[in-house]
Amino acid sequence: MKRVVFNQKGGVGKSSISVNLAAISAAFGLKTLVIDLDSQANSSHYLGFDQTQPQRAAGISDFLKQTVGWFASPKEAIDFVQPTQFENLYLLAASPELADIERELESRYKIFKIRDALTELEQQFDRIYIDTPPNFNFYSKSALIGADSVLIPFDCDGFSAQAIDHLMANLLELKSDHNPGLTAEGIVVNQFNPQAKLPQQLVQQLIANQGIPVLDSKLSSSVKMRESHHAQTPLIYLAPKHKLTQQFVQLFALLEPEFIVADATEE
């Protein structure tokens, strides 16, 4: 299963959702890979890799650079995958260099290289989670072309709600042109405050107006997420019994109903 987490709006929690769902997948014993396609490298940093340093870990930009140069024996994508400190959890890291090579990759029409890499990597991993940039660019399109499904984070903001229609139009066009098998698994409601009226109204509008399901498990706003980022430790390892962790586990259960939820949160 190759799952993209995508929204054209920034700040909706793509990296947090990608990493935490992947970590829960790994906690269930699935060999799981996170692919970070955002030049900000937030998912990479979350998993303990500071990609802004000169001695950064090899990652997706190094793999893609091979496609715009001449290499006698180009390496496979698996050669750039890094193990994390967490069992069963691996990373294909991003770096700021992704922004530098994007134009050349696009001009040489390398948009299917990530699809080909995903086909290869799927033989090595049980689950693949792909974090994308906050726009419909070369990297997000490449990921969607190669993925099985897409999750759409929604942060209970009026502007985010307005952007959903445009996002869905882009997804439908890409699905029609390049990936007829792409499935929209649903909208993930993030930073939800059940006591406030606006978030409830926006969610009800999504349920009523969109042709994509709004997933039942909503993610609350919590300082524990910021602590998790700071500790570079996903919630399932940092605070397995916390309310937000349990919400992530419930979300995972919706996506992977064959797993028994209690197993991943046992201490």
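Our structure is the block above this text.
Residues numbered from 1 in each chain as written. Predicted model: local features only at pLDDT ≥ 70, side-chain atom pairs only at ≥ 80, totals over all residues. Heavy atoms only, no water.

Engineer: Help me get a handle on the overall build of the chain, residues and values and all.
Structural biologist: In terms of helices and strands, the chain carries twelve helices and seven strands. Expected size for 267 residues packed as a compact globule is a radius of gyration near 18 Å; at 18 Å, the chain falls within 12% of this value. If you line up the chain on its principal axes, its C-alpha atoms span 60 × 40 × 35 Å. Taken across its 267 residues, the chain has 54% of its residues classed as buried. Summed over its atoms, the accessible surface of the chain is roughly 12000 Å², and 48% of this surface lies on carbon and sulfur atoms. Charge-centre separation for the chain: the mean point of 22 positive side chains lies 3 Å from the mean point of 31 negative side chains. (Helix = DSSP H or I, 4+ residues; strand = E, 2+ residues; numbered from the N terminus. Rg over C-alpha atoms; globule rule 2.2 N^0.38 Å. Buried < 20%, exposed > 50% of the residue type's maximum accessible area, 1.4 Å probe, protein only. Areas by Shrake-Rupley, 256 points an atom, 1.4 Å probe, with all protein chains shown as cover. Lys, Arg positive; Asp, Glu negative; His and termini not counted. Charge placed at Lys NZ, Arg CZ, Asp CG, Glu CD.)

Engineer: Could you give an account of the packing of aromatic side chains, naming the residues involved and the relevant values?
Structural biologist: Evaluation of the coordinates by the stated rule reveals seven aromatic pairs. Above the face of the Phe 125 ring, Lys 31 is positioned so that its terminal group lies 5.0 Å from the ring centre. Residue placement shows Lys 218 over the ring face of Phe 192; its charged tip is 5.8 Å from the ring centre. (Phe/Tyr/Trp six-rings, centres within 6.5 Å; stacked < 30°, edge-to-face > 60°. Lys NZ or Arg CZ within 6 Å of the ring centre and 35° of its normal.)

Engineer: Talk me through the layout of surface pockets; I want residue IDs and the actual numbers.
Structural biologist: Where empty space is left can be seen by rolling a probe of water-molecule size over the atoms. Considered as a void within the structure, the largest pocket measures approximately 480 Å³ in volume. In terms of lining residues, the largest pocket is bounded by 25 residues, among which Gly 13, Lys 14, Ser 15, Ser 16 and His 229 are the most central. Within the residue set of the lining of the largest pocket, elements represented by two or more residues are helix H1 (14-27), helix H2 (42-46), helix H9 (223-231) and helix H11 (243-255). Its residues assigned to classes, the lining of the largest pocket shows six nonpolar, 15 polar and four charged. (1 Å grid on protein atoms, 1.4 Å probe; cavity = no way out; pocket = protein on both sides within 12 Å on 5 of 7 lines; lining within 4 Å. Points joined across faces, edges and corners; volume = space filled by probe spheres on them. Nonpolar A, V, L, I, M, F, W, Y, C, P; charged D, E, K, R; others polar.)

Engineer: So, the pattern of salt bridges: which residues are in play, and what are the values?
Structural biologist: What the rule picks out here adds up to 14 salt bridges. The shortest N-O distance in the salt bridge between Lys 2 and Glu 122 comes to 3.1 Å. With Lys 2 in strand S1 (residues 2-5) and Glu 122 in the loop between helix H5 (113-121) and strand S5 (127-131), the pair connects residues that are 120 residues apart, well separated along the chain. With a relative accessible area of 6%, Lys 2 lands in the buried category. Overall, Glu 122 belongs to the partly exposed group, its relative accessible area being 28%. (Salt bridge = Lys/Arg side-chain N within 4 Å of Asp/Glu carboxyl O.)

Engineer: Quick rundown of the sheet that holds strand S7 (residues 183-189)? Include the residues and the values.
Structural biologist: Taken in spatial order, the seven strands of this open sheet run S3-S4-S2-S5-S1-S6-S7, and their pairing is mixed. Two strands lie at the open edges of the sheet, namely strand S3 (82-83) and S7, each paired on one side alone. Across six bridges, the pairing between strand S6 (residues 149-154) and S7 is parallel. Within S7, the residue paired with Pro 153 across the bridge is Val 188. Along the sheet, H1 contacts S1, strand S2 (32-36), strand S4 (89-92), S5, S6 and S7; its crossing angle with S5, the most-contacted strand, is approximately 170°. (Pairing = 2+ DSSP bridges. Contact = heavy atoms within 4.5 Å. Axes fitted to C-alpha atoms, helices over the stretch in contact; angles between N-to-C directions.)

Engineer: Requested: an account of unusual backbone geometry, with residues and values cited.
Structural biologist: Residues other than glycine predominantly adopt negative phi, and peptide bonds predominantly adopt the trans conformation. A positive phi angle, close to 60°, is found at Ala 41, a residue other than glycine. Of note, Ala 41 is situated in the loop between S2 and H2. When its relative accessible area of 6% is taken as the criterion, Ala 41 is described as buried. In this structure, Asn 88 is a non-glycine residue whose phi angle is positive, near 75°. Mapped onto the elements of the fold, Asn 88 is located in the loop between S3 and S4. Assessed through its relative accessible area of 23%, Asn 88 is described here as partly exposed.

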